Every structure is written in structure tokens, then in C-alpha cells.
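Reading the structure
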Amino acid sequence: MTEQKERFLINLDSLGQKINQIRLRKKKTQQQIADECGISKSLLSKIENGQTSSAIATLSKISEALEVPLAWVLDDQAEQNLVLLPKTNRESNVTDENMGYSYELLANRSSYSGIEPTIVNVTPKDSNLRQDSYTHSQDEFIYILKGSIYLYYDGNKHYMEAEDSAYFNGDKPHLFIPVDNEGAKVLSVFIDNQL
């Protein structure tokens, strides 16, 4: 029973720091958030300083006011200023290469940083069966590290080779199409522009 209770303990300092950081990132005052949540400014200040715990209902209101998921607020992983991820510790998330790619996440400084750098390995032309394009809500920046691709974007095809880059809105249909059987390696950075 003790182990189960410990799993639900919340690190008040970490929780408070997260709320404070996202509030400052959103350029909102303690008074603005407190007013939106129907709580006092002094209670919000104590929560941000790790001086008091608060009901989940209150934390839920705060997360709504800050437009972040409650799960992110409750996650006791502290924000880190530096995350080093040696190649040997990086896991490849290999999908079915017939679907056109495999990828590996390079770093994730925060579960709500809004930026996700990834290496995309584009499957060689003869192995690639992918024809359907993708869409997603984030902006995307790409930099071709090795090889060449056609970037299919919103009905147009653009040739890209090593050291070329592009930045685009992910909600338009897009796809990396292999040019040859060498495949390609693309640095892809997803950017949540809603932060």
C-alpha cells in the first residue's frame, strides 16, 4: 500500500516551477491566471513557490487557463536546462520501411517544450511503397543531411539535396519522396507554434 501511495505523491517544487515557467512564457500575470481560475493571487503564488499543495480541480483550472494538459502539470519530471543524448543511448523508432521512413528522436528537453528534433531516414526508392501524404498541426523545419529527396508539399514537388532546408506549415499535405536507391537522412524539427 505504501508503494502505491508514493506513486501519487506530487513534487510541489517541480509542479510550481512548471506553472510559473509556462505562465511567464504565456506572458500572463499571477493576477490574470488567478482571476481566470477563481482563486486568490496569494494561493497561486504559494503553488508556484512550492509552498502548498492544491486540489486537482484547482490544478485543472490552472492548466486550462495556461492552455496546457493537466498531465503535463502533474508529471513530476523536472524541466532540464541541458539534456545530452549520446548516439549510443538514442533509440531508433523504426517503422515499416515500406511505409517510407524510419526515425529517431534526438532530444526532448521538456514534455511541453513545443520543439521536437528528429532524424528521418527516408527509405530507398525501390523499397518505398508510401504514396499517401501526411498532415500534422505543427510547423516543420527540415535540413537534408545526406542524400536527396523530393519534398511533396501541397500539390507541388520540390527537389532537395544535402544542405538544403525548408520550413513549412504541417497542416498542408506533405511527403518525403526518395529520389534514388541511396535513401536520404533528414533532420526534421517539429515546432508547436501554439506556445
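Placed above this text is the structure.
Report on the accompanying structure. Since the structure is predicted, the reported quantities are computational estimates derived from the model, not experimental observations.

**A closer look at helix α2 (residues 12–25)**
- Helix length check: α2 (14 residues) gives 20 Å between terminal C-alpha atoms against 20 Å at 1.5 Å per residue, within 8%.
- Listed as buried for α2 are S14, L15, G16, K18, I19, I22 and R23.
- Once α2 finishes, K27 follows within two positions and takes phi at roughly 60°, a positive value.

**What about the nonpolar core?**
- In this structure, I19, I33, L44, I62 and L66 are the most contacted members of the largest nonpolar core, which totals 15 residues.
- Of all elements in the fold, only α2, α3 (30–37), α4 (41–48) and α5 (56–66) reach the threshold of two or more residues within this core.
- Of all the elements, α5 adds the most residues to this core, at four residues.
- I144, Y153, F168 and V186 belong to the second largest nonpolar core, which has 13 residues in total.

**A look at the pattern of salt bridges**
- Counting across every chain of the model gives three salt bridges.
- With its nearest N and O atoms 2.6 Å apart, the salt bridge here joins E48 to R23. Residue E48 is found in helix α4, and its partner R23 is found in helix α2; the two are separated by 25 residues along the sequence.
- What makes E48 buried here is its relative accessible area of 6%.
- Assessed through its relative accessible area of 8%, R23 is described here as buried.
- Note that K28 is salt-bridged to E36, the shortest N-O span being 3.0 Å.
- The exposure class of K28 is partly exposed, given its relative accessible area of 26%.
- Looking at E36, the relative accessible area reads 48%, which means it is partly exposed.

**Focus on the layout of surface pockets**
- The calculated volume of the largest pocket comes to roughly 350 Å³.
- Together, 17 residues line the largest pocket, and Y101, V120, Y134, E140 and F190 are the ones closest to its centre.
- It is strand β3 (residues 115–122) that contributes the most residues to the lining of the largest pocket, four residues altogether.
- Residues of the lining of the largest pocket, tallied by class, amount to eight nonpolar, seven polar and two charged.

**Concerning the packing of aromatic side chains**
- Overall, the coordinates contain two aromatic pairs when judged by the stated rule.
- Judged by centre distance (5.8 Å) and plane angle (65°), the ring pair of Y150 and Y159 falls under edge-to-face.
- Assessed through its relative accessible area of 26%, Y150 is described here as partly exposed.
- For Y159, a relative accessible area of 45% translates into the label partly exposed.
- Judged by centre distance (5.2 Å) and plane angle (55°), the ring pair of Y153 and F168 falls under tilted. Placement of Y153 in strand β4 (residues 139–153) and of F168 in strand β6 (residues 165–169) is noted, with a sequence separation of 15 residues between them. Just as Y153 is buried, F168 falls in that class too.
- It is K157 that lies over the ring of Y150; its NZ or CZ is 4.5 Å from the centre.

**Some words on the packing of α3 against α4**
- Across the interface, α3 lies against α4 with an axial gap of 8 Å and an inter-helix angle of 110°. Looking at the two axes, α3 sits roughly perpendicular to α4. In the packing of α3 onto α4, the handedness of the crossing is right-handed. On α4, the residues touching Q30, Q31, I33 and A34 of α3 are K41, L44, S45 and E48.
- Residue classes in the contact of α3 with α4 are distributed as three nonpolar, three polar and two charged.

Criteria and thresholds
Residues numbered from 1 in each chain as written. Predicted model: local features only at pLDDT ≥ 70, side-chain atom pairs only at ≥ 80, totals over all residues. Heavy atoms only, no water. Helix = DSSP H or I, 4+ residues; strand = E, 2+ residues; numbered from the N terminus. Expected span 1.5 Å × (residues − 1). Buried < 20%, exposed > 50% of the residue type's maximum accessible area, 1.4 Å probe, protein only. Core = buried A, V, L, I, M, F, W, Y, C linked by side-chain atoms within 4.5 Å. Salt bridge = Lys/Arg side-chain N within 4 Å of Asp/Glu carboxyl O. 1 Å grid on protein atoms, 1.4 Å probe; cavity = no way out; pocket = protein on both sides within 12 Å on 5 of 7 lines; lining within 4 Å. Points joined across faces, edges and corners; volume = space filled by probe spheres on them. Nonpolar A, V, L, I, M, F, W, Y, C, P; charged D, E, K, R; others polar. Phe/Tyr/Trp six-rings, centres within 6.5 Å; stacked < 30°, edge-to-face > 60°. Lys NZ or Arg CZ within 6 Å of the ring centre and 35° of its normal. Axes fitted to C-alpha atoms, helices over the stretch in contact; angles between N-to-C directions. Parallel < 35°, antiparallel > 145°, perpendicular 65-115°, else oblique. Left-handed = near helix turned anticlockwise from the far one by under 90°. Contact = heavy atoms within 4.5 Å.

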